[in-house]
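# Topology and contacts: notes
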Amino acid sequence: MDLVEIKPPEWDVEIELAYATANNITGKPIYAYPRCYLHRDAADALARAIELARALGYRFKIFDAFRPSEAQWALWKKDPNPEFLADPRRGSPHSRGVAVDVTLLDTAGRELEMGTGFDEFRPIAHHARTDVSVEAQRNRAILLGIMTAAHWDFYRNEWWHYQLFNSRNYPVYSDSALPPGRELMPRPLDPIPVE
């Protein structure tokens, strides 16, 4: 399988998948199971980023990584805004397993100030905004520097989103690409046995 599970303690990250909670634009969980996956190539790039961040005294918190195509459709149906969401008909880098949504944590495990929260679908979330605090500008620049040094590309509209440069070279995956019992999406209810 091309998708690798990212989980502590093998990976020195904190995982807080927003779409496994109601704290997202739909107001309800999209993922039934909070599991984090990346394509093996993206996992290698994440490992490089973790090393670079560690050398500066930071760790990563992951808000989202692989997003099955079914989940991309759920988000698109709620807010079909191409400024912040990829049209699922074209395929999102997340649905290819080669994108990650992250922030940085300090040595005490606190998120660095970034000027907005995750999935703040407003222009203030764009990179290079000067109408956020100087601290937030600095922290966004540190995150950008770490990620680009680890060979990630950035998306200009979202300070948290990074993807591999050649993301369109990867196939779009649905939840069925994951091993049985390791899926993200809700499973259909088992049929009720008839007696």
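Residues numbered from 1 in each chain as written. Predicted model: local features only at pLDDT ≥ 70, side-chain atom pairs only at ≥ 80, totals over all residues. Heavy atoms only, no water.

Take the sheet that holds strand β6 (residues 153-154) next. In a beta sheet, neighbouring strands pair by backbone hydrogen bonds and run either parallel or antiparallel. Spatially, 5 strands are ordered β2-β4-β5-β7-β6 in an open sheet, and the strand pairing comes out mixed. Looking at which strands have only one partner, the edges of the open sheet turn out to be β2 (13-15) and β6. (Pairing = 2+ DSSP bridges. Helix = DSSP H or I, 4+ residues; strand = E, 2+ residues; numbered from the N terminus.)

Turning our attention to the pairing of strand β5 (residues 99-105). The buried fraction of β5 is high, at 7 of 7 residues. What you see with β5 is no split at all: A99, D101, T103 and L105 on one side and V100, V102 and L104 on the other are buried throughout. Two elements, strand β4 (residues 59-64) and β5, share 5 bridges in a ladder whose sense is antiparallel. In the strand pairing of β5, I62 is matched with V102. (Buried < 20%, exposed > 50% of the residue type's maximum accessible area, 1.4 Å probe, protein only.)

For the rest of this paragraph, the subject is the nonpolar core. Nonpolar side chains tend to gather and get buried jointly when the protein is soluble and globular. Of all hydrophobic cores here, the largest spans 53 residues; its most connected members are F60, I62 and W152. Looking at this core, the elements that each hand over two or more residues are β3 (37-39), α1 (40-55), β4, α2 (69-78), β5 and α3 (134-149). Of all the elements, α1 adds the most residues to this core, at 7 residues. What W152 contacts, discounting residues up to four positions off in sequence, is A42, A45, L46, A49, V98, A99, V100, M147, Y162, Q163, L164 and F165. (Core = buried A, V, L, I, M, F, W, Y, C linked by side-chain atoms within 4.5 Å. Contact = heavy atoms within 4.5 Å.)

In this section: the packing of aromatic side chains. Tallying each qualifying case throughout the model produces 7 aromatic pairs. A centroid spacing of 6.0 Å and a plane angle of 85° characterise the contact between Y19 and Y31, whose relative ring orientation is edge-to-face. Highlighted residues: Y19 in the loop between β2 and β3 and Y31 in the loop between β2 and β3, separated in sequence by 12 residues. According to the relative accessible area criterion, Y19 is buried, its value standing at 1%. For Y31, a relative accessible area of 2% gives the class buried. When the ring of F66 is compared with that of Y173, the centres are 6.2 Å apart and the planes differ by 80°; the resulting orientation is edge-to-face. One end of the pair, F66, is in the loop between β4 and α2; the other, Y173, is in the segment after β7 (161-163), and 107 residues separate them in sequence. Y173 gets classed as buried once you look at its relative accessible area, which sits at 12%. (Phe/Tyr/Trp six-rings, centres within 6.5 Å; stacked < 30°, edge-to-face > 60°.)

Function cannot be read off these values alone, since they describe shape.
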